[in-house]
Amino acid sequence: MTDSKYFTTTKKGEIFELKAELNSDKKEKKKEAVKKVIASMTVGKDVSALFPDVVNCMQTDNLELKKLVYLYLMNYAKSQPDMAIMAVNTFVKDCEDPNPLIRALAVRTMGCIRVDKITEYLCEPLRKCLKDEDPYVRKTAAVCVAKLHDINAQLVEDQGFLDTLKDLISDSNPMVVANAVAALSEIAESHPNSNLLDLNPQTINKLLTALNECTEWGQIFILDCLANYTPRDDRESQSICERVTPRLSHANSAVVLSAVKVLMKFMEMLPKDLDYYGTLLKKLAPPLVTLLSAEPELQYVALRNINLIVQKRPEILKHEMKVFFVKYNDPIYVKLEKLDIMIRLASQANIAQVLAELKEYATEVDVDFVRKAVRAIGRCAIKVEQSAERCVSTLLDLIQTKVNYVVQEAIVVIKDIFRKYPNKYESVIATLCENLDSLDEPEARAAMIWIVGEYAERIDNADELLESFLEGFHDESTQVQLQLLTAIVKLFLKKPTETQELVQQVLSLATQDSDNPDLRDRGYIYWRLLSTDPVAAKEVVLAEKPLISEETDLIEPTLLEELICHIGTLASVYHKPPSAFVEGSRGVQHKRLPARAGSGESTDSPDVSQSVGGATEAAPTVIPSQGDLLGDLLNLDLAPPAAGPTVPPSMQLGAMDLLGGGLDSLLGGDIGGSPAMGAGLGSTPAVMPTSLGAPPVVGGGLGDLFDLGGSVGMPAGAYVPPKSVWLPAMKAKGLEISGTFARRSGVIQMELSLTNKAMSVMTDFAIQFNRNSFGLAPAGPLQVLTPLSPNQTIEVSLPLSTSGPVMKMEPLNNLQVAVKNNIDVFYFSCQYPISLLFVEDGKMERQVFLATWKDIPNDNEAQFVIKDCHLNSDAASSKLQGSNIFTIAKRTVDNQDMLYQSIKLTNGIWVLTELRVQGGNPSYTLSVKCRASEVSQFVYQCYELVLKN
């Protein structure tokens, strides 16, 4: 008879009977009683009262009985911790039993009893089992360490179990290795910063050897561990890939996906021109295709992972399009996922068969699937330009079916096709207008309104069409209301005489009758634009629109990299990083792919803060990372600079010391006064440099802001780039700002041309900068001493200091500026040549230059080629000296002059260069060495700018 009989009895007074049976002398009766107890426990009855009686049954040679008692113990030890201590002696005894199965069973149960009182008694038996002669006991003990760590992490560390676990990675038995790796990985997850799995080539070799002989779950543990390793070079990467590739043919899909994860990660390090790289791409396709022949749930997981793989490396599956064609009996979730991958793999080579498939899908009965299929046709048109015409005709065929939801989806995607290919397919507009009355979904109505507004000049009755939408304006969704407002304004700008009433009606509805803030704001903006400057309104509303990109739903690259590192886990199914759905400390460790061989990229940011060997300057600035860029710009504080003693930054309201060493250390210790950092853009230097000849400022208010005497005139020095337009008039209510930067006699200047293209006079000018990479800030107010009349241009020179707040910008030389006048505050950004920051005392001693060059790591050396340069080395040297690039030494070898040069930036960073000039060759080679390697690219740009102008 089977054990099911134990679950059928529900007698009263059973506990007393069981108690008697448990204390029976007969072994069989005892075993039967324990089985009954476990059955009662399983169905939810409370049998904790029998704890002492069951524990007494532990001392038996019968393995089956022992397993049952241990099962009971695991369940009730937590509620009866004092009683559970009674079992400790038996555990200790069982850990020394001659039968390895009993030893393993004892150690496994000990790990499952989560009672603090017992934990300390388990250390000695666990230590013995970790060194047991039998591999089955060792592998069980390895997992027990992870369980014990979860209960009492400190105890595990103090007892040295972690070191024993690390030793087990070198064990001769592959299953012990796999369990040791699994336990260490589990522990490492709860301590992300600990270096528990200290992976090196020797360890990796042991893991790869164990990989071939493990069980399937052991292989997954080892493969997941391998995925966290970063190989030293492409040769090691290739070697690991070769040894992992056989796992791709494993029957277990989890092993396959773990192997794919390792290969996807290590492929990053292989050069693309390597033969093996191509071979590996071919080997990855068949296992992924095989996964799609499993049951639907597995197919879905595989498809979600393939979706990520295709976004990262579409070439892997580019010849496997047919596998993703939908089958009639696929569940909807599989169909939609396959459709998504089909579009990602669509190319000129396979577009014909893809379109034929999609057209077929659009006639299916499943509404969601049909909608997605119609959208897919539109996405194909946008992705593969050669297929656009065929896609449009397919969509028109579908519109002719007059199936409501098909027509609506088709109109939505045709709008996108118009945006991708303007002035190409507008002939279909007439067909679209015929279906106007059948549209009842907000997205389709909004798309149709956009088409009518955008092509109003081609549609004779555009005003009537839009008016028909206007009748039920308040019943429309916000999306439709916004689109209708814009479309009618476009129509008015194209046909002003016929549509004046219509535009007034919609503006009145949007601003006076609506309580939606977005709609009201847009209405007011259009109203003001149209009433103050119709020309500007035309430029804004009818501006040329950027073409839409082909893949708008691609996962953002850094997130994609992280998800590739989590292939085969829930993160790859959700397409979200673990931190988005795993609570607590686990799972929030961000992973990323290694840099490709030879790319010069590094996964760690370069250390900018190391002092330059041999140079006696203070440490160069550490540039803090870019935070909220507009935050400070919007906090425009236009108070004048305060006279008198400076206030230390620590005393300023909201001041923040970015480096912990005071602002003086940030700026190299050579600045007398420090600006308030917390005030952001509003902070101006407390003490103005005397070289600027600025008189003391008395009083307050905006009047004093411009009360500076003489202008700042400096002798000509380095090359000054020509002015370019930084702020066009149409973006600043008629104020146009052009400008450039110059460095003259050690003073940095921003040279501006302000032009008034509006109809009213402009006054009360002021300027502020956002925090930037090198602390550039105005050293005084913007001197516009007379009102700026319409059509007048004035030239202004604004002296700058480098003592402002610092924040790393992207790119490094980006400067965000706010300019205020009596009309409004305007924002723009510009880029300054980094040569502005090259100081006059940047000539290094020869010996110091030599020592510093050797001291800077070779990884920080960057090489560039300057083409089409026809100067000899002396002319180049003298031209560069004008921009504070100093030649330290010159050497001539085989008709090639080598100039060794040094540059010092305002924040104390030194840059060392070697410029090679070959007689008769117009291409120079420039080598740049700097501890802050992100500066090198900008130094090269300065060389090119100075030498070619």
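Residues numbered from 1 in each chain as written. Predicted model: local features only at pLDDT ≥ 70, side-chain atom pairs only at ≥ 80, totals over all residues. Heavy atoms only, no water.

In the nomenclature of an unreviewed UniProt entry, the protein is known as AP complex subunit beta of Chanos chanos. What UniProt records for the protein under Subcellular location (unreviewed entry) is the sentence "Endomembrane system". The record held by UniProt for the protein lists under Sequence similarities (unreviewed entry) the comment "Belongs to the adaptor complexes large subunit family." (UniProt positions renumbered as here; feature names shortened; annotations may be inferred.)

Student: Teacher, can you tell me more about the overall build of the protein here?
Tutor: Looking only at helices and strands, the protein has 39 helices and 13 strands in total. Taken across its 949 residues, the protein has 51% of its residues classed as buried. Taking the intrachain contacts of the protein between residues at least 6 apart in sequence as the baseline, contacts between residues at least 24 apart amount to 67%. (Helix = DSSP H or I, 4+ residues; strand = E, 2+ residues; numbered from the N terminus. Buried < 20%, exposed > 50% of the residue type's maximum accessible area, 1.4 Å probe, protein only. Contact = heavy atoms within 4.5 Å.)

Student: Can you walk me through the packing of helix H28 (residues 478-494) against helix H31 (residues 534-541) in this structure?
Tutor: Angle between the axes and distance between the axes: these two values describe a pair of packed helices. One can describe the packing of H28 onto H31 by two numbers: an axis separation of 10 Å at closest approach and a directional angle of 125°. The angle between H28 and H31 falls in the class oblique. For the pair H28 and H31, the sense of crossing is left-handed. Here Val489, Lys490 and Leu493 of H28 lie close against H31, whose contacting residues are Pro534, Ala537, Lys538 and Val541. Looking at the contact of H28 with H31 residue by residue, the classes come out as 5 nonpolar, no polar and 2 charged. (Axes fitted to C-alpha atoms, helices over the stretch in contact; angles between N-to-C directions. Parallel < 35°, antiparallel > 145°, perpendicular 65-115°, else oblique. Left-handed = near helix turned anticlockwise from the far one by under 90°. Nonpolar A, V, L, I, M, F, W, Y, C, P; charged D, E, K, R; others polar.)

Student: Teacher, can you tell me more about unusual backbone geometry here?
Tutor: Glycine aside, residues mostly have negative phi angles, and peptide bonds mostly take the trans form. Backbone torsion omega between glutamate 810 and proline 811 reads -5°, so that peptide bond is classified as cis. With respect to the element layout, proline 811 can be found in the loop between strand E6 (793-801) and strand E7 (814-820). Here serine 745, not a glycine, exhibits a phi torsion of approximately 50°, which is positive. With respect to the helices and strands, the residue serine 745 is situated in the loop between strand E2 (735-744) and strand E3 (747-756). What makes serine 745 exposed here is its relative accessible area of 54%.

Student: I tried to follow the packing of aromatic side chains on my own but got confused; where do I start?
Tutor: Within a pair of aromatic rings, the relevant descriptors are the distance that separates the centres and the angle that separates the planes. If you walk through the whole model with that rule in mind, you get 12 aromatic pairs. Judged by centre distance (5.2 Å) and plane angle (40°), the ring pair of tyrosine 361 and phenylalanine 369 falls under tilted. Looking at phenylalanine 369, the relative accessible area reads 0%, which means it is buried. Judged by centre distance (6.0 Å) and plane angle (75°), the rings of phenylalanine 741 and tyrosine 832 are edge-to-face. One end of the pair, phenylalanine 741, is in strand E2; the other, tyrosine 832, is in the loop between strand E8 (825-831) and helix H37 (846-855), and 91 residues separate them in sequence. Of the two residues examined, phenylalanine 741 and tyrosine 832, each falls in the buried class. (Phe/Tyr/Trp six-rings, centres within 6.5 Å; stacked < 30°, edge-to-face > 60°.)

Student: Sorry if this is basic, but what is going on with a negative patch on the surface here?
Tutor: Side chains of Glu464, Glu467, Glu471 and Glu501 sit close together on the surface and give a patch of like negative charge. With respect to the helices and strands, glutamate 501 occurs in helix H29 (residues 500-511). (Patch = residues over 30% accessible without salt bridge, like charges linked within 9 Å, V, L, I, M, F, W, Y side chains within 5 Å. Areas by Shrake-Rupley, 256 points an atom, 1.4 Å probe, with all protein chains shown as cover. Salt bridge = Lys/Arg side-chain N within 4 Å of Asp/Glu carboxyl O. Lys, Arg positive; Asp, Glu negative; His and termini not counted. Charge placed at Lys NZ, Arg CZ, Asp CG, Glu CD.)

Student: Explain the sheet that holds E8 here, please?
Tutor: Hydrogen bonds between backbone atoms are what pair the strands of a sheet, whose relative direction is either parallel or antiparallel. Pairing within the open sheet is antiparallel, and its 3 strands lie in the order E4-E7-E8. At either end of the open sheet lies a strand with only one pairing partner, and these are strand E4 (766-769) and E8. Each strand axis lies, on average, 25° off the axis of its neighbour in the sheet, ignoring direction. Bridge count for E4 against E7 is 4 bridges, and the pairing is antiparallel. Its bridge partner being in E7, alanine 766 is matched across the sheet by lysine 820. (Pairing = 2+ DSSP bridges.)

Student: Honestly, the sheet that holds strand E11 (residues 896-904) in this entry has me stumped. Any pointers?
Tutor: The antiparallel open sheet is built from 5 strands, whose spatial order is E9-E13-E12-E11-E10. Bordering the open sheet on either side are strand E9 (861-866) and strand E10 (886-893), each of which pairs with just one other strand. Averaged over all pairs of adjacent strands, the angle between strand axes in this sheet comes to 20°, irrespective of strand direction. Here strand E12 (residues 910-918) pairs with strand E13 (residues 924-930) via 6 bridges, running antiparallel. Note on E13: the bridge partner recorded for leucine 912 is lysine 929.

Student: Where do I start with the side chain of arginine 743 in this structure?
Tutor: Among the secondary structure elements, arginine 743 is positioned in strand E2. A distance of 2.6 Å separates a polar atom in the side chain of arginine 743 from the backbone oxygen of leucine 836. Looking at arginine 743, its side chain comes within polar contact range of the main-chain oxygen of phenylalanine 838, at 3.2 Å. When near neighbours in sequence (up to four residues on either side) are disregarded, arginine 743 contacts Ala718, Ile748, Ser835, Leu836, Leu837, Phe838, Val839, Glu840, Asn884 and Thr906. (Polar contact = N/O pair within 3.5 Å; in protein donor to acceptor, adjacent residues only side chain to side chain.)

Student: Honestly, the nonpolar core in this entry has me stumped. Any pointers?
Tutor: For soluble globular proteins, nonpolar side chains are generally found buried alongside one another. Among the nonpolar cores identified, the biggest contains 210 residues, and Tyr72, Val244 and Phe418 are the most heavily contacted of them. For this core, the domains that each give at least three residues are domain 1 (346-438) and domain 2 (441-532). Residues Val784, Leu798, Leu836 and Ile885 belong to the second largest nonpolar core, which totals 63 residues. (Core = buried A, V, L, I, M, F, W, Y, C linked by side-chain atoms within 4.5 Å. Domains from an automatic or database assignment.)

Student: Honestly, the pattern of salt bridges in this entry has me stumped. Any pointers?
Tutor: Oppositely charged side chains can form a pair if their charged atoms are brought close together. Taken as a whole, this structure holds 34 salt bridges when the rule is applied. The partner of aspartate 171 in a salt bridge is arginine 138, with the nearest N and O atoms 2.8 Å apart. Taken together, the residues span a long stretch of sequence, with aspartate 171 in the loop between helix H12 (161-168) and helix H13 (174-190) and arginine 138 in helix H10 (residues 135-151) at a distance of 33 residues. As a salt-bridge pair, glutamate 751 and arginine 744 come within 2.2 Å of each other at their nearest N and O atoms.

Student: So what exactly am I meant to see when it comes to helix H32 (residues 557-564) here?
Tutor: The periodicity of an α-helix, 3.6 residues per turn, causes residues three or four places apart in sequence to face the same way. Taken together, the buried positions of H32 are occupied by Leu560, Glu561, Glu562, Leu563 and Ile564. Those residues of H32 that are buried are in contact with helix H17 (253-267), helix H19 (296-312) and helix H33 (570-574).

Student: I would appreciate a short explanation of the packing of H29 against helix H30 (residues 517-532) in the present structure.
Tutor: For the pair H29 and H30, the least separation of the axes is 8 Å and the interaxial angle reads 140°. The orientation of H29 relative to H30 falls into the category oblique. For the element pair H29 and H30, the recorded crossing hand is left-handed. Residues Val503, Leu507, Ser508, Ala510 and Thr511 of H29 pack against Leu519, Arg520, Gly523, Tyr524, Tyr526, Trp527 and Leu530 of H30. Grouping the constituent residues of the contact of H29 with H30 by class yields 8 nonpolar, 3 polar and 1 charged.

Student: Would you mind showing me how to read the pairing of E8 here?
Tutor: Remember that side chains alternate between the two faces of the sheet whenever the strand is regular. Taking every second residue as pointing to the same face, the buried face of E8 carries Phe826, Phe828 and Cys830, while none of Val825, Tyr827, Ser829 and Gln831 on the other face is buried. Taken together, the 7 bridges between E7 and E8 define a ladder with antiparallel strand orientation. Bridge pairing in E8 places valine 817 opposite phenylalanine 828. Following E7, the chain reverses through 4 residues before pairing antiparallel with E8.

Student: Mind showing me how you'd approach the confidence of the model for the protein here?
Tutor: For any part of a model where pLDDT is low, the fine detail of the predicted coordinates should not be relied upon. On average, residues of the protein score 79 in pLDDT, and 84% of them are at 70 or above. Scored below 50 in pLDDT, residues 600-716 makes 196 contacts in the model with residues more than four places away or belonging to other chains. (pLDDT = per-residue confidence, 0-100.)

Student: Please explain the environment of glutamine 479 as it appears in this structure.
Tutor: Position of glutamine 479 among the secondary structure elements: in helix H28. Exposure remark for glutamine 479: the relative accessible area of 41% places this residue in the partly exposed category. Sequence spacing of glutamine 479 and arginine 445 is 34 residues, and the spatial spacing of their C-alpha atoms is 9.1 Å. With residues near it in sequence (within four places) discarded, glutamine 479 still touches Pro442, Glu443 and Ala446.

Student: Can you help me understand helix H20 (residues 332-345) in this one?
Tutor: Taking 1.5 Å of rise per residue, 14 residues should cover 20 Å, and H20 covers 20 Å from first to last C-alpha, within 8% of that figure. Within H20, 11 of the 14 residues are buried, which leaves it mostly tucked inside the rest of the structure. Looking at the buried residues of H20, the elements they touch are H19, helix H21 (351-361) and helix H22 (367-383). (Expected span 1.5 Å × (residues − 1).)

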